[in-house]
Amino acid sequence: QQPVRIAPSILSADFAKLGEEVRAIDAAGADYVHVDVMDGHFVPNITIGPSVVEALRAHSTKVFDVHLMISPVDPYIEAFAKAGADIITVHPEAGPHVHRTLQLIRSLGKKAGLSLNPGTPAAAVEPLLDLVDLVLVMSVNPGFGGQKFIPGALDKLRTLRALIDDSGRTIDLQVDGGINRETAAQAIAAGADVLVAGTATFQGGPEAYAGNIAALRGAV
Ligand code: DX5
Ligand code: ZN
């Protein structure tokens, strides 16, 4: 388990001033900038595409952690890589050949992430361990910010923490959805080392961001 890193999800930012928001979370101590890409098909919501990622790239040098909730996904990987993503995370449920998708991400020089929906077992990662730099445990069904943490995610985190440790590889274990101080502490104890937080980062407005991020990082 590596030191805890915080990845604010800009889904909860003010979309009318995204550049400012990204600068604000960077200054407030965010480690990653988590970008939720939704297509209205894989998930019941529509957000942003590669051109927005490209426009935001100039506003922060932090790790751009792009979470693709789109299907098909393969045709868009290169565009997000070119737009400035550092990590590209995909769902195995988004297409028939997730192994190929992860290879494609790596071939573009980017870190590859695999995201597991609440209904997808931890074992889905096993045949792909060589190809992933990050495993994302969804603790809500993807599509919207502000949902309630699903406690079953904790067991999945524990299983994956053991799997990653046994592999001897350096793989981020990320959790996404319903993270607040209380669930952050539970997720860290279960083995998570990257916390995605939308609502819990952006609540209270820009003056509160630094305190919000510090509180999550220090959650016990
Ligand atoms: C959900 C997204 C999350 C979401 C988290 O589909 O993947 O990143 O924005 O939002 P909160 O932290 O508000 O649950
Ligand atoms: Zn996300």
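Quick caveat: nothing in here was measured; it's all calculated off a predicted structure. (Residues numbered from 1 in each chain as written. Chains lettered and ligands numbered in written order. Predicted model: local features only at pLDDT ≥ 70, side-chain atom pairs only at ≥ 80, totals over all residues.)

A.B. asks: Account for the sheet that holds strand 7 (residues 172–176), naming residues and giving values.
C.D. replies: Reading across from one edge, 1-8-7-6-5-4-3-2 is the order of the 8 strands in this open sheet, with parallel pairing throughout. The strands lining the two open edges of the sheet, one partner per strand, are strand 1 (5–8) and strand 2 (32–38). Averaged over all neighbouring strand pairs, the angle between strand axes comes to 25°, with direction disregarded. Strand direction decides the pairing type here: strand 3 (residues 63–69) and strand 4 (residues 87–90), joined by 3 bridges, are parallel. Bridging from a neighbouring strand, aspartate 65 pairs with isoleucine 87 of strand 4. (Pairing = 2+ DSSP bridges. Helix = DSSP H or I, 4+ residues; strand = E, 2+ residues; numbered from the N terminus. Axes fitted to C-alpha atoms, helices over the stretch in contact; angles between N-to-C directions.)

A.B. asks: Please provide a residue-by-residue account of the site of ligand 1, values included.
C.D. replies: Near ligand 1 lie 21 residues; those nearest to it are Ser9, Pro142, Gly145, Gly198 and Thr199. When residues of the shell around ligand 1 are traced back to their parent elements, those giving at least two are strand 2, strand 8 (194–197) and helix 7 (199–202). A breakdown of the residues in the shell around ligand 1 according to their chemical character gives 7 nonpolar, 12 polar and 2 charged. (Near = placed C-beta within 6 Å. Nonpolar A, V, L, I, M, F, W, Y, C, P; charged D, E, K, R; others polar.)

A.B. asks: I'd like a description of the environment of glycine 152, backed by residues and values.
C.D. replies: The residue glycine 152 is located in the loop between strand 6 (134–138) and helix 5 (153–167) in this model. C-beta crowding within 10 Å serves as the criterion here: with 12 such atoms nearby, glycine 152 is assigned to the exposed category. Once the C-alpha coordinates of glycine 152 and serine 139 are considered, the two residues, 13 residues apart in sequence, prove to be 7.8 Å apart. (Buried ≥ 20, exposed ≤ 12 C-beta atoms within 10 Å, placed from the backbone.)

A.B. asks: Describe the nonpolar core, with residues and values.
C.D. replies: Ranked by internal contacts, the top residues of the largest apolar core, which has 70 residues, are Val66, Ile88, Val135, Leu157, Ala187 and Leu195. Once residues within four sequence positions are removed from consideration, leucine 195 is found in contact with Val4, Ile6, Ala7, Val175, Ile179, Ala184, Ala187 and Leu216. (Core = buried A, V, L, I, M, F, W, Y, C linked by C-beta atoms within 7 Å. Contact = placed C-beta atoms within 7 Å.)

A.B. asks: Could you give me a rundown of the environment of arginine 57, with the residues and numbers involved?
C.D. replies: By the secondary structure assignment, arginine 57 is in helix 2 (residues 50–57). Note: C-alpha distance between arginine 57 and glycine 204 (147 residues apart in sequence) is 25 Å. Excluding residues that lie within four positions of it along the chain, arginine 57 makes contacts with Phe64, Ala83 and Gly84.

A.B. asks: Summarise the packing of helix 2 against helix 3 (residues 74–83); cite the residues concerned and give the values.
C.D. replies: Contact geometry of helix 2 with helix 3 gives a least axis separation of 8 Å together with a crossing angle of 15°. Accordingly, the angle class assigned to the pair helix 2 and helix 3 is roughly parallel. Considering the relative orientation of helix 2 and helix 3, their crossing is right-handed. Across the interface between the two elements, Pro50, Val53, Glu54 and Arg57 from helix 2 touch Ala79, Phe80 and Ala83 from helix 3. Looking at the contact of helix 2 with helix 3, its residues break down into 5 nonpolar, no polar and 2 charged. (Parallel < 35°, antiparallel > 145°, perpendicular 65-115°, else oblique. Left-handed = near helix turned anticlockwise from the far one by under 90°.)

A.B. asks: Hey, could you go over the pairing of strand 4 for me, with residue numbers and the actual values?
C.D. replies: Side chains Ile87 and Thr89 project from strand 4 onto one buried face, and the interleaved Ile88 and Val90 project onto a second face that is buried too. The parallel pair strand 3 and strand 4 is bridged by helix 3, and the resulting crossover is right-handed. Note: strand 4 against strand 5 (residues 111–116), 4 bridges, orientation parallel. Paired with threonine 89 across the bridge in strand 5 is glycine 113. Note that the unit made of strand 4, helix 4 (residues 98–107) and strand 5 has a crossover that is right-handed. (Right-handed = clockwise from strand over helix to strand, strands pointing away.)

A.B. asks: Could you give me a rundown of helix 8 (residues 209–217), with the residues and numbers involved?
C.D. replies: Of the residues making up helix 8, those classed as buried are Tyr209, Asn212, Ile213 and Leu216. Buried residues of helix 8, seen end-on, are gathered within an arc of 95° and therefore sit on one face of the element. Tucked inside the fold, the buried residues of helix 8 contact strand 1, helix 1 (18–27), helix 6 (181–189), strand 8 and helix 7. (Arc of directions from axis to C-beta.)

A.B. asks: Describe the UniProt feature "binding site: substrate" (unreviewed entry) in the protein, listing the residues and the values that go with them.
C.D. replies: Under the present numbering, the feature "binding site: substrate" (unreviewed entry) in UniProt falls on Ser9, His67, Gly143, Phe144, Gly145, Gly146, Asp176, Gly177, Gly178, Gly198 and Thr199. When the 18 C-beta atoms within 10 Å are taken as the criterion, glycine 143 is described as partly exposed. Within the fold, glycine 177 resides in the loop between strand 7 and helix 6. Residues within four places of glycine 177 in sequence aside, it is in contact with Met138, Ser139, Val140, Gln147 and Phe149. (UniProt positions renumbered as here; feature names shortened; annotations may be inferred.)

A.B. asks: Any details on the UniProt feature "binding site: a divalent metal cation" (unreviewed entry) in the protein? Residues and values, ideally.
C.D. replies: Here, the residues flagged by UniProt with the feature "binding site: a divalent metal cation" (unreviewed entry) are His34, Asp36, His67 and Asp176. The annotated residues occupy 143 residues of the chain but converge on a single region, no pair of C-alpha atoms lying more than 10.6 Å apart. You can call histidine 34 buried: it has 29 C-beta atoms within 10 Å. Setting aside its immediate chain neighbours within four residues, histidine 34 contacts Ala7, Pro8, Ser9, Ile10, Asp65, His67 and Val196. Along the chain, histidine 67 turns up in strand 3. In this structure, histidine 67 is in contact with His34, Val35, Asp36, Val37, Thr89, Ser115 and Leu136, ignoring residues within four places of it in sequence.

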